[in-house]
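One letter stands for each residue in the lines below.
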Amino acid sequence: MTFVQLIDCKTSRFDEMNQLMDAWVEKTKGTRTATHSVIGKDRSDANHFVEIVEFPSYEEAMRNSKLPETETIFQEMVALCDGVPTFTDLDVVRDEQLYAANIRAFFEMAAAPGELPPLNGLMAESYHDHDPSRDQDAIGLDAVRRVIEMWRGAFDMAFTIEDQITEGDRVCTRWTWNGTHTGDFMGIPASGKQASMTGTTIFRCGEDGKIVEGWWQYDRLGLMAGLGALDALEG
């Protein structure tokens, strides 16, 4: 889980503080695991600053705090502040940017060539998949893995993300799919034909960013037509 630390301080020597932070970044290059840092200034108090530092986890933040360079910089920072800075440790329980990034990673992983990697880095063990083209929902990672493997076994494929909209714990993704028919699909033997379709998927994410539920809508009829499965009906 992502972890955030808030550093709250007052100083009339912000330029020196800024140079100090730049020095810390340079000295800890290669050992520091902070992933993002933002400094904000209080509109009602020009000497009041809050720095927001993001880490991959609480454990990583603690490891950074024990670096010798961090201790040295901290002592120098205290000397520049009007009083001792305060630190607030926060576990991130909602991060819409993380949700969208994990969804994009899922689409890339599902279509990537080679062996399908484990799904538990992106999806919850109890993941629930809704697809109107199937008689039953796929529930659990083993069931979802079988569905993905079925598609991968039938097509060399790729997704293109056209749009993503995030609201709360849900991410709506509009995508285009292109594939080469290289294996049996729904009883249709490999044809080597190029196929494409468009679709929209809504995923719900948990607090840790993992995908817990998904609802699919896509042009299955167009796909079957592209594979020639409807030719007899048209004749």
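Residues numbered from 1 in each chain as written. Predicted model: local features only at pLDDT ≥ 70, side-chain atom pairs only at ≥ 80, totals over all residues. Heavy atoms only, no water.

**Remarks on the overall build of the protein chain**
Here is step 1: When you go through the protein chain residue by residue, the secondary structure sums to seven helices and ten strands.
Here is step 2: At 25 Å, the protein chain has a C-alpha radius of gyration far larger than the 18 Å of a compact globule built from 235 residues.
Here is step 3: Dimensions of the protein chain along its principal axes, counting C-alpha atoms only, are 85 × 35 × 30 Å.
Here is step 4: Expressed as a percentage of the 235 residues in the protein chain, the buried residues total 39%.
Here is step 5: For the protein chain, the computed accessible surface area is about 13,200 Å², with 52% contributed by carbon and sulfur atoms.
Here is step 6: Taken as two groups, the 21 positive and 40 negative side-chain charges of the protein chain have centres that lie 1 Å from each other. (Helix = DSSP H or I, 4+ residues; strand = E, 2+ residues; numbered from the N terminus. Rg over C-alpha atoms; globule rule 2.2 N^0.38 Å. Buried < 20%, exposed > 50% of the residue type's maximum accessible area, 1.4 Å probe, protein only. Areas by Shrake-Rupley, 256 points an atom, 1.4 Å probe, with all protein chains shown as cover. Lys, Arg positive; Asp, Glu negative; His and termini not counted. Charge placed at Lys NZ, Arg CZ, Asp CG, Glu CD.)

**Description of the environment of D91**
Here is step 1: Looking at the element boundaries, D91 is found in strand β4 (residues 86-91).
Here is step 2: The class for D91 is exposed, based on a relative accessible area of 51%.

**Digging into the confidence of the model for the protein chain**
Reading fine detail from the predicted coordinates is not recommended where pLDDT is low.
Here is step 1: Confidence in the prediction of the protein chain, expressed as mean pLDDT, is 88, and 96% of residues score 70 or more.
Here is step 2: Within the protein chain, strand β10 (residues 211-218) carries the highest mean pLDDT (97), whereas helix α7 (residues 231-234) carries the lowest (55). (pLDDT = per-residue confidence, 0-100.)

**Thoughts on the packing of aromatic side chains**
Here is step 1: For the structure on display, the rule yields 21 aromatic pairs.
Here is step 2: Between W151 and W177 the ring centres are 5.9 Å apart and the planes differ by 75°, which places this aromatic pair in the edge-to-face class. Taken together, the residues W151 in helix α5 (residues 141-154) and W177 in strand β8 (residues 170-181) connect sequence positions 26 residues apart. Judged on exposure class, the residue W151 and its partner W177 are both buried. (Phe/Tyr/Trp six-rings, centres within 6.5 Å; stacked < 30°, edge-to-face > 60°.)

**Some words on the side chain of D131**
Here is step 1: With respect to the secondary-structure elements, D131 resides in the loop between β5 (123-130) and β6 (138-139).
Here is step 2: Side-chain polar atoms of D131 contact the side chain of S133, separated by 2.7 Å.
Here is step 3: Excluding its chain neighbours within four sequence positions, the residues that come into contact with D131 are D137, W216 and Y218. (Polar contact = N/O pair within 3.5 Å; in protein donor to acceptor, adjacent residues only side chain to side chain. Contact = heavy atoms within 4.5 Å.)

**A look at the packing of helix α1 (residues 14-27) against helix α3 (residues 68-80)**
Here is step 1: Viewed as axis vectors pointing N to C, α1 and α3 meet at an angle of 180°, and their least axial separation amounts to 10 Å. With respect to α3, the element α1 is oriented roughly antiparallel. Residues E16, M17, L20, W24 and K27 of α1 lie in contact with α3, whose contacting residues are E69, T70, I73, E76, M77 and L80.
Here is step 2: Taken together, the residues of the contact of α1 with α3 sort by class into six nonpolar, one polar and four charged. (Axes fitted to C-alpha atoms, helices over the stretch in contact; angles between N-to-C directions. Parallel < 35°, antiparallel > 145°, perpendicular 65-115°, else oblique. Nonpolar A, V, L, I, M, F, W, Y, C, P; charged D, E, K, R; others polar.)

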